[in-house]
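Summary of structural features
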Amino acid sequence: MTVAPGTMDRRDAVRSLLADRGELLVVSGLGSPSYDVFAAGDDAANFYLWGAMGGAALMGLGLALARPQHPVAVVTGDGEAMMGVGGLLTISVRKPPNLTVVVLDNGHFGETGMQRSHAGLGVDLAALARGAGFTEVVSLGDLDGVAAFRPRLRDLDAGPHFVILRIAAGEQERALPPRDGVHLKNRFRERLGFPVD
Amino acid sequence: MNQVTRDPEIRQDTDWPLAIFGALKRARVRQVSYVPDAGHSRLIALAHQDAAMEATVLTTEQEGVALAAGAWLGGDRSVLLMQSSGVGNCINMMSLLNSCRFPFLTLVTMRGEWAEFNPWQIPMGRATPAALELMGLTVMRLEEPDEADEIVTAAADLAFDGGQQIAVLISQRMIGRKKWVSQ
């Protein structure tokens, strides 16, 4: 099966998705998704991964289970999501109602030279998520669709959602968030009211 | 096939999984993730039965490392249960613990070190302590059932109060021989 290439600008798509974010907690996958989330507006409630490939969605699960009163979004790429594909099964059996996994799908490994990824070679990510058992699986190809979906990110009782943003492949200027993991951890926990000791 | 019965000769009367569970509860551990192991089966059942705990079955052990980091971000203490063969699956993901100094506790049941019948378990079992140490974890050993409470309590304190990454290796001798055929 061939997946039609996406056309959305990734920065526009993520900026639209995260507008009016309220109490949303965000974990971003390494590479461009971390840059996109940072470019949309730095926030102590963002945790930018710079490594741990394949772990973003599971980090979101641990966070969502710990903070059921907060909506949690994982924003990652198709390559990162598929490295952790087993984690999608783990999430779907737990069914955290406050978690959304957002996958920026350009069908390529963007950070490493634009090699085609499994999604770009025909693996149907939406079918994978449906098969895993996600409550809702949505594939969005334009900014109107993103804006219409945006309020669902704040659901506390209807997830887990799985959202694919079909974005254009192509280089963007890098927007580099802080790389100090201890700093990112501490400011995130401070935002939630935990003492840094 | 009877795969998980303990050898009656080997410490069948000990209650160490219950002691570990008590130590984890007193340490306020709320999330438990695991790839199943016969040696952990009772602890896993106890975690699932406890309404105040979140027990998560994983498809691979490295998911548990990322899950633990997310749990800590959200204010939860957690523990990852696995067997020694799973340690190798975690190696790169453990960079996350190191880079961000996430407190981390894992309880590892050992294979390949005591009366092991399956040669395929031996390489990773033998490499387990060094692999964990290479990634910056502190390795503790639980060899005697009577010490389960004390050692797991100390490990949890080191992890969550001392901000360390701790692996407690549970001796295969404590778990007993795996039976491969019905008698």
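It should be noted that the structure appears before, not after, this text.
What you see is a predicted model; the values in this text were computed from it and never measured.

Regarding the overall build of chain B
The helix and strand tally for chain B stands at eight helices and six strands. Starting at the N terminus and walking to the C terminus, you meet the elements of chain B as α-β-α-β-α-β-α-α-β-α-β-α-β-α. Out of the 183 residues in chain B, the part that is buried amounts to 48%. In chain B, of all internal contacts separated by at least 6 residues, the share reaching a separation of at least 24 is 76%.

Comments concerning unusual backbone geometry
Note that the residue after G159 of chain A, namely P160 of chain A, is joined by a cis bond; omega there is 0°. Mapped onto the elements of the fold, P160 of chain A is located in the loop between α7 (143-149) and β8 (161-166). Even without being a glycine, A52 of chain A presents a positive backbone phi close to 60°. Here A52 of chain A lies in the loop between β2 (46-48) and α3 (56-66). Taking the C-beta count within 10 Å as the criterion, A52 of chain A has 26 such neighbours and is therefore assigned buried. With a phi close to 50°, R101 of chain B is a non-glycine residue in the positive phi region. Residue placement: R101 of chain B occurs in the loop between α5 (95-100) and β4 (104-109).

Quick look at the pairing of strand β7 (residues 136-140) of chain A
Residue and element names in this part refer to chain A. Looking at chain direction, β7 and β8 are connected through five bridges and run parallel. Following the sheet pairing, E136 is matched in β8 by H161. Handedness of the crossover joining β7 and β8 through α7 is recorded here as right-handed.

Some words on the sheet that holds strand β4 (residues 99-105) of chain A
All names here are of chain A. In space, the six strands of this open sheet follow the order β2-β1-β3-β4-β8-β7, with parallel pairing throughout. Only two strands of the sheet have a single partner each, and these edge strands are β2 and β7. For this sheet, the mean angle separating the axes of adjacent strands, direction not counted, is 15°. Strand direction decides the pairing type here: strand β1 (residues 25-28) and β2, joined by three bridges, are parallel.

Some thoughts on the interface of chain B and chain A
If you look at the interface, chain B gives 27 residues, while chain A gives 28 residues. When contributions to the side of chain B that touches chain A are tallied by element, the ones reaching two or more residues are β2 (54-57), α3 (61-73) and α5 of chain B. Among the elements that make up the side of chain B that touches chain A, the one with the highest residue count is α3 of chain B (nine residues). In the side of chain B that touches chain A, the residues fall into twelve nonpolar, eleven polar and four charged.

Some words on the sheet that holds β4 of chain B
All names here are of chain B. Across the sheet, which stays open at both edges, the six strands sit in the order β2-β1-β3-β4-β6-β5 with parallel pairing between neighbours. Unpaired on one side and paired on the other, β2 and β5 (138-142) mark the two borders of the sheet. Averaged over neighbouring strand pairs, the angle between their axes works out to 20° when direction is ignored. Seen against the sheet, helix α2 (residues 41-49) touches β1 (29-34), β2 and β3 (77-83) and runs at an angle of roughly 130° to β2.

Things to note about the nonpolar core
Membership of the largest hydrophobic core comes to 107 residues, with the highest contact counts inside it found for L165 of chain A together with V65, A69, L96 and V168 of chain B. Ranked by residues supplied to this core, first place goes to α3 of chain A with nine residues. Contacts of V168 of chain B, omitting those with residues within four sequence positions, involve L107, V108, M140, L142, I151, V152 and A155 of chain B.

What counts, and where the lines are drawn
Residues numbered from 1 in each chain as written. Chains lettered and ligands numbered in written order. Predicted model: local features only at pLDDT ≥ 70, side-chain atom pairs only at ≥ 80, totals over all residues. Helix = DSSP H or I, 4+ residues; strand = E, 2+ residues; numbered from the N terminus. Buried ≥ 20, exposed ≤ 12 C-beta atoms within 10 Å, placed from the backbone. Contact = placed C-beta atoms within 7 Å. Pairing = 2+ DSSP bridges. Right-handed = clockwise from strand over helix to strand, strands pointing away. Axes fitted to C-alpha atoms, helices over the stretch in contact; angles between N-to-C directions. Nonpolar A, V, L, I, M, F, W, Y, C, P; charged D, E, K, R; others polar. Core = buried A, V, L, I, M, F, W, Y, C linked by C-beta atoms within 7 Å.

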